[in-house]
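Coordinates in review
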Amino acid sequence: MSGPPIDRGWAILVLVGFFITSFIMVGTAKSYGILMGELMKHFKISAATGALVMGVSGAVYTITAPICVACGEVFSQRKVVIVGSLIGFVMVGLSSLLVSMEYFIFFYGVGTGLANACFFGNGLVMVGMYFKKWRSLATGLALSGASVGTFVIPILLEALLETFSLYGAILVISALYFNGCVSAALYRPFSFYTKCAEKKSSPDSKNELLPQGEPKVKEPTEQSETEKIQTESEKNTEYSHVESEEEVKKSLLELNQTEDTTSKQPAPAPSGRPVWRFELCGRTLTLPVIIQFNVLKMPVVLFFTVFSFFVFVGYFNFILFLPVDALSRGITKYEKAVLVSYTGMGDLVGRILVGFLGDLKLIQRYKILAISCILCGANIILFEIAGQVYWWMAIHATLYGFFGGCFVAINSIVLIDMVGLKLMPKALGVVLLIQGLGAAIGQPLEGKIRDVTQTYTSLNIINTVLMVGAGMFLFLYPLVKRFQDKPPRKEESLQVQVPEEA
């Protein structure tokens, strides 16, 4: 079979690569609550200051996530993930010196934020490109690495803190980030298959540069069309590095994704990434536009961005404060770590099940996403009602993880359903930018609320309201879609044409 291995072969290894980065990224982020308790004791700081670490991480992630997605399109996802892995390894390792809380906030917060920004968006794009028929299931399986990380890392981290103290535990986290290079090695770019197709189509490697005057035996249609697109993209020397990769991806996806329902987009995707042009010292320089806010002109993208902002605040902030909340109720150290692990166990089951359910198409995927958010938020307030009853807390922590896993696994798939695969990287960059504001603003703010009220009850109420409200808001999607697809009125077009004729 010619062309890239969609839903087969190397696509499985791409899935494994994203599984590894999800394990590292989400597992360490959701386990930070265990570290936060130790940091509060070590530096004698408040909950607001302790939560500021993840606030900085979220802010850095917010700012750099769309940049990293854009750099992945320009330089390849593999290179960007390698850089992110090295940044996380070095900066988190330096933070283990624990010189001061400000020092730790900078190195740990900035290091994890940059590394996570390089990991997440590029991993989603790679899985979206390599899978078509089983895209929902593949995304769920790849993101299940986050579930396994949430299940394994809290218990591991508690054992490391007891054995190697706070210094050694942070060093192990930095070593985990270094393993992101393994994932990057599995992110084979689509240009690899184009080069292989060119080598197979050439009659003799020695005569590759000679013009082929006589018609020869025709190669399969996929290869000939790919070669034409590659040749056209190489003619433009000014933008050859930027546009050729996008054109190749576009052609290969079209060849392997015929009859794809996601190709029916509300608006056509631009042929190349827009550029900024400015003069410097008499020379005209061009830079690719990193964040393309013009996608927010599409009502569907704006709608989904607002939904993502509010739901992410409630979802992630609960798991951040869960360990210290459990400690305040008289739960032991290992029991609090096991509670976080229960959320990871439920998360794993939810991601896998929602992948099967989403691909069966028994119910529209945006409805699955909305219901998951509502039920996830409901379990946050039920966890609060559980009080000091450990088994009751464990049940709702597991259900929170289950419905949260459903939400995370199908979130990007719903975005593809709404805007199409071609616009997905551009829309994803903006969504990640706005969504990350939830972490950057919400965590320090909720930490301050906890310091004022001296209880975690108010935080659980806030997170419940945000998640349930966002899930109900998502049910308005058909109205937004209908508004976007509504053609302009004839009366309005006539009013515009009359003055022109006059």
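Source: prediction; values computed, not measured. (Residues numbered from 1 in each chain as written. Predicted model: local features only at pLDDT ≥ 70, side-chain atom pairs only at ≥ 80, totals over all residues. Heavy atoms only, no water.)

1. Overview of the pattern of salt bridges
Applying the stated criterion across every chain, the model contains 8 salt bridges. A salt bridge links Arg329 to Asp325, with the shortest nitrogen-to-oxygen separation between them at 3.2 Å. Residue Arg329 shares its accessibility class with Asp325, and that shared class is buried. Members of the salt-bridge network, linked through shared partners, are Lys30, Asp347 and Arg351. (Salt bridge = Lys/Arg side-chain N within 4 Å of Asp/Glu carboxyl O. Buried < 20%, exposed > 50% of the residue type's maximum accessible area, 1.4 Å probe, protein only.)

2. Considering the confidence of the model for the protein chain
Counting all residues, the mean pLDDT for the protein chain is 79, and 77% of those residues have values of 70 or more. For the protein chain, helix 10 (residues 240–256) is the element with the lowest average pLDDT, namely 40, and helix 4 (residues 77–95) is the one with the highest, namely 95. For residues 491–496, every residue scores under 50 in pLDDT, and the model assigns this stretch 0 contacts once sequence neighbours within four places are set aside. Note on residues 498–502: pLDDT under 50 across the span, and 0 contacts to partners over four residues away in sequence or across chains. (pLDDT = per-residue confidence, 0-100. Helix = DSSP H or I, 4+ residues; strand = E, 2+ residues; numbered from the N terminus. Contact = heavy atoms within 4.5 Å.)

3. Examining helix 6 (residues 135–178)
Its 44 residues give helix 6 an end-to-end C-alpha distance of only 28 Å, which falls more than 12% under 64 Å, the value for a rise of 1.5 Å per residue. Of all the bends found along helix 6, the most pronounced is centred on Phe164 and spans about 125°. (Expected span 1.5 Å × (residues − 1). Bend = angle between axes of the 7 residues up to and from the residue.)

4. Section: helix 11 (residues 299–328)
Helix length check: helix 11, at 30 residues, gives a terminal C-alpha distance of 44 Å against a target of 44 Å (1.5 Å per residue), a fit within 8%. Among the 30 residues that make up helix 11, 23 are buried, leaving the element largely enclosed by the rest of the structure. Backbone geometry just downstream of helix 11 places Gly330 in the positive-phi region, at approximately 95°.

5. Some points on the packing of aromatic side chains
Evaluated as defined, the whole model comprises 20 aromatic pairs. Between Phe104 and Tyr108, the aromatic rings sit 5.0 Å apart at their centres with planes inclined by 15°, giving stacked as the arrangement. Note that Phe104 and Tyr108 are positioned in helix 5 (residues 101–130) at a spacing of 4 residues, about one turn of the helix. For the pair Phe104 and Tyr108, one class covers both residues: buried. Measuring from ring centre to ring centre gives 4.7 Å for Phe303 and Phe473, while their planes differ by 35°; the resulting arrangement is tilted. Of the two residues, Phe303 sits in helix 11 while Phe473 sits in helix 16 (residues 457–474), which places them 170 residues apart along the sequence. Put simply, the rings of Tyr315, Phe318, Phe383, Tyr400 and Phe407 pair up and form one aromatic cluster. The ring centre of Trp10 lies 3.6 Å from the NZ or CZ of Arg188, which sits over that ring. (Phe/Tyr/Trp six-rings, centres within 6.5 Å; stacked < 30°, edge-to-face > 60°. Lys NZ or Arg CZ within 6 Å of the ring centre and 35° of its normal.)

6. Here's the deal with a nonpolar patch on the surface
Residues Ile82, Leu86, Phe89, Val90, Leu94, Leu97, Val99 and Phe178 make up a contiguous nonpolar surface patch of roughly 670 Å² in combined accessible area. Examining the composition of the nonpolar patch, we find that 5 residues originate from one element, helix 4, more than from any other. Structurally, Leu97 can be placed in the loop between helix 4 and helix 5. (Patch = residues over 30% accessible without salt bridge, like charges linked within 9 Å, V, L, I, M, F, W, Y side chains within 5 Å. Areas by Shrake-Rupley, 256 points an atom, 1.4 Å probe, with all protein chains shown as cover.)

7. Structural notes on unusual backbone geometry
A positive phi angle, close to 65°, is found at Asp7, a residue other than glycine. Tracing the sequence through the fold places Asp7 in the segment before helix 1 (10–30). On the basis of relative accessible area, Asp7 is assigned to the partly exposed category, the value being 25%. Phi is positive for Ser165, close to 70°, though the residue is something other than glycine. Locating Ser165 in the fold gives a position in helix 6. The partly exposed category is assigned to Ser165, whose relative accessible area is 31%.

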